[in-house]
Amino acid sequence: MRLLHTSDWHLGRSFHRVGLLDAQAAFLEHLVATVHEHRVDAVLVAGDVYDRAVPPLPAVELFDTALHRLADAGVPTVMISGNHDSARRLGVGAGLIERAGIHLRTDPAGIGTPVVLADAHGEVALYGLPYLEPALVRDQLGAPKAGHEAVLTAAMDRVRADLARRPAGTRSVVLAHAFVAGGAPSDSERDITVGGVAAVPTGIFDGVDYVALGHLHGSQTLTPRVRYSGSPLAYSFSEADHRKTMWLIDLGPDGAVDTAERLDCPVPRPLARIRGRLDDLLDDPALTPHEQSWVEATLTDPVRPAEPMARLTARFPHTLNLVFDPERTGSDTDASYAQRLRDRTDQQIAEDFVAHVRGGATLDGPERTVLYGAFDDVRVDTAEREVGR
């Protein structure tokens, strides 16, 4: 059975104030063309269809068009909600839409009920695990505690229990939206850390033949059977080196992944990160290939130059982000506020603040637990309000 694995469309998202709706529409056209060209048997969409819980109307219209195109193609599509989606909104009309071959899996109650497809070698059961906010689904799934590993384990127990009741030789596929250990994040994913722990082990998914993951925006292979497709478009300059693709998976008669091929997505405009003194950037012939790219420029001039953005856009008209990182001497150890915060989590920043006001005394274990709990409560409260919209 031939599967096309994609995720993290983030319909409605912009890139540094540049609208991406046309680029997203071009990707969806490419997706449908790929389905026909490669004779795909099923499309897997592993969450974050929209960029926010209440998406703008043009994004909803684009999604509606995509559903019609996929239904017209006559190829089953299985789609789950991600942490950016409102599961309840995305799942509206799921029962009716299913009649057209579009299977929306947004309710944790349906985790153990697969979409069952068949080919010449028998049945394939496809299980959709929507994004599981631990505090909201723990009781429903009977998880022993509110953590990502606990709720995903409980969800996979339901999957394995259903699979055990099916005929021997039934192949299995799981779609999940999670941060799995070994995956490399970028700057554009929303933090889903719970109690300071974000990643779950790949072993949670033992017992199934293929796991189609969403959440991380870089295409990645964690094991031959566990893969991230990544987002079809770049949503931050941290993805400048990403190759944006979908996975074309051939699932063999015995459940083995016979082939896994990365199929490139359309690139609306390449990304470039350039760094140096302003005059050097304006004169460097090696930067000519980036003149039509979306550019993030980091200026290292010791003194901020006059009108840097205007001068940069004269050569690089699509410069979207300007960063100042002045060159420093060995005796100049002061770092900018942005530099001190770079790559640090909210919890780490808060711990540093507490240590600062205490004159250097760091948090002890119980205090750190309270702080983690506060951040978790804020995130859960936000999730609950989005669910209630």
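Refer to the preceding data block for the structure.
In this text, all values refer to a predicted model and were calculated from it rather than measured experimentally.

A short note on the environment of Leu 312
No. 1: Mapped onto the secondary structure, Leu 312 falls in helix H8 (residues 308-315).
No. 2: In this structure the C-alpha to C-alpha distance between Leu 312 and Ala 297, which are 15 residues apart in sequence, comes to 8.4 Å.
No. 3: Non-local contacts of Leu 312, meaning those with residues more than four positions away in its chain, are made with Leu 278, Leu 281, Leu 282, Ala 297, Leu 299, Thr 319 and Leu 322.

Structural notes on helix H6 (residues 148-164)
No. 1: End to end, H6 covers 24 Å across 17 residues, agreeing with the expected 24 Å (1.5 Å per residue, within 8%).
No. 2: Taken as a whole, H6 has its buried residues at His 148, Ala 150, Val 151, Leu 152, Ala 154, Ala 155, Met 156, Val 159, Asp 162 and Leu 163.
No. 3: On the buried face of H6, the contacting elements are strand S8 (122-129), helix H5 (134-141) and strand S9 (171-177).

Thoughts on the nonpolar core
No. 1: Membership of the largest hydrophobic core comes to 33 residues, with the highest contact counts inside it found for Leu 129, Val 174, Phe 205 and Leu 213.
No. 2: Those elements that place two or more of their residues in this core are S8, H5, H6, S9, strand S10 (210-214) and strand S12 (226-228).
No. 3: Top contributing element to this core by residue count: H6, with eight residues.
No. 4: Phe 205 has contacts with Met 156, Arg 160, Val 174, Ala 176, Val 180, Val 211 and Leu 213, leaving out every residue within four places of it along the chain.
No. 5: Counting 30 residues, the second largest nonpolar core, distinct from the first, contains Phe 27, Val 35, Ala 94 and Cys 265.

With respect to the sheet that holds strand S16 (residues 294-299)
No. 1: The parallel open sheet is built from three strands, whose spatial order is S15-S16-S17. Since the sheet does not close on itself, it has two edges, and those belong to strand S15 (271-276) and strand S17 (319-324), each with one partner. Direction aside, the axes of adjacent strands within the sheet are offset by 15° on average.
No. 2: Relative to S17, H8 is tilted by about 135°, and along the sheet it contacts S16 and S17.

Comments concerning the sheet that holds strand S7 (residues 115-119)
No. 1: Read from one edge to the other, the open sheet built from six strands follows the order S7-S8-S9-S10-S12-S11, with strand pairing classed as mixed. Strands at the two margins of the open sheet, each flanked by one partner only, are S7 and strand S11 (220-223). Each strand of the sheet is rotated relative to its neighbour by a mean of 20°, with strand direction disregarded.
No. 2: With five bridges joining them, S7 and S8 adopt antiparallel strand pairing. Its bridge partner being in S8, Val 116 is matched across the sheet by Ala 125.
No. 3: Packed on one face of the sheet, H6 meets S8 and S9 and runs near 160° to S8.

About the cut-offs
Residues numbered from 1 in each chain as written. Predicted model: local features only at pLDDT ≥ 70, side-chain atom pairs only at ≥ 80, totals over all residues. Heavy atoms only, no water. Helix = DSSP H or I, 4+ residues; strand = E, 2+ residues; numbered from the N terminus. Contact = heavy atoms within 4.5 Å. Expected span 1.5 Å × (residues − 1). Buried < 20%, exposed > 50% of the residue type's maximum accessible area, 1.4 Å probe, protein only. Core = buried A, V, L, I, M, F, W, Y, C linked by side-chain atoms within 4.5 Å. Pairing = 2+ DSSP bridges. Axes fitted to C-alpha atoms, helices over the stretch in contact; angles between N-to-C directions.

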